[in-house]
Amino acid sequence: MIFAANLKCNHTRESFKSYADALNKALKNKDEEIFVFPPNVAFLKEDLKFTQGTQNFYPCFKGAFTGEIGKEHLDEFGIKCVLIGHSERRILDNEALIKAKFDFAKEQNYTIFFCIGEDLKTKNLGNSKDFLKKQLEAIDLNYEKLIIAYEPIYSIGTGISADKEDISDILETLSVLTKAKLLYGGSVNENNIKEIQTIKHCSGVLIGSAALKIENFIKLIKG
Ligand code: 13P
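Residues numbered from 1 in each chain as written. Predicted model: local features only at pLDDT ≥ 70, side-chain atom pairs only at ≥ 80, totals over all residues. Heavy atoms only, no water.

Where an unreviewed UniProt entry is consulted, the protein appears under the name Triosephosphate isomerase, with the organism given as Campylobacter cuniculorum DSM 23162 = LMG 24588. Recorded in UniProt for the protein, the comment headed Subcellular location (unreviewed entry) runs: "Cytoplasm". (UniProt positions renumbered as here; feature names shortened; annotations may be inferred.)

**Let's talk about the pattern of salt bridges**
Scanning the entire structure with this criterion turns up 13 salt bridges. For the salt bridge of Glu-46 with Lys-17, the shortest nitrogen-to-oxygen distance reads 3.0 Å. With Glu-46 in the loop between strand 2 (34–37) and strand 3 (51–52) and Lys-17 in helix 1 (residues 13–26), this pair connects stretches of sequence that are 29 residues apart. Using a relative accessible area of 32% as the deciding quantity, one classes Glu-46 as partly exposed. (Salt bridge = Lys/Arg side-chain N within 4 Å of Asp/Glu carboxyl O. Helix = DSSP H or I, 4+ residues; strand = E, 2+ residues; numbered from the N terminus. Buried < 20%, exposed > 50% of the residue type's maximum accessible area, 1.4 Å probe, protein only.)

**A word on the site of the ligand**
Near the ligand the following residues occur: Asn-6, Lys-8, His-86, Glu-151, Ile-156, Gly-157, Gly-186, Ser-187, Leu-206, Gly-208 and Ser-209. Ser-187 places a main-chain nitrogen or oxygen 2.8 Å from an oxygen atom of the ligand. Between the ligand and Gly-208 there is a distance of 2.9 Å, counted from an oxygen atom to a backbone nitrogen or oxygen. In the complex, 98% of the free accessible area of the ligand, which totals 300 Å², lies under the protein chains. Taken together, the residues of the shell around the ligand sort by class into two nonpolar, seven polar and two charged. (Near = heavy atom within 4 Å. Polar contact = N/O pair within 3.5 Å; in protein donor to acceptor, adjacent residues only side chain to side chain. Areas by Shrake-Rupley, 256 points an atom, 1.4 Å probe, with all protein chains shown as cover. Nonpolar A, V, L, I, M, F, W, Y, C, P; charged D, E, K, R; others polar.)

Here it is as structure tokens:
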């Protein structure tokens, strides 16, 4: 099972250092299935027992891109894992930029967490699957380091995950399109994680709020 924490715009380098220290201590050996995405300014350079990923990057090595971070900056922290297409970034990134990010990350052989998700209106109209398939159109579904995170927008940050049946139905559909590992994200917490983990084709979870405190994230990992 993959356990990934998206810390979003939370934690400073100082607080993330304590977070990472506690997680390193809890994981006796390097665990290939634990991922944390801290804010870029909190990246750590030290040896970690989990994979540190970036929530965002610009598809460049370096250059005249004010406010962005490129591959050189990720290299400095040994980062080879990226999150692309999160609904909170899709507000800012258009389809062309998302595709450029995917192509660049694939070229660099990065592990890619590609997020997709529909809003409630789309779901209620019965258009979820068409919508999600469209979000996947621009990317290579056969890329071997691809992980797809299904994160319905209507459940993110609400404390209430999507229905098990709905998650199951979507993951089933996605599993026909790709061999990539499939994750669920959207209000995963200690009350629902066990049930979510039993869903067919679910290879893990992408957690926001419930992973902000390291003791909670460790509890979710340890079950
Ligand atoms: P929450 O767990 O806070 O709903 O956030 C999920 C998410 O957006 C992870 O990327």
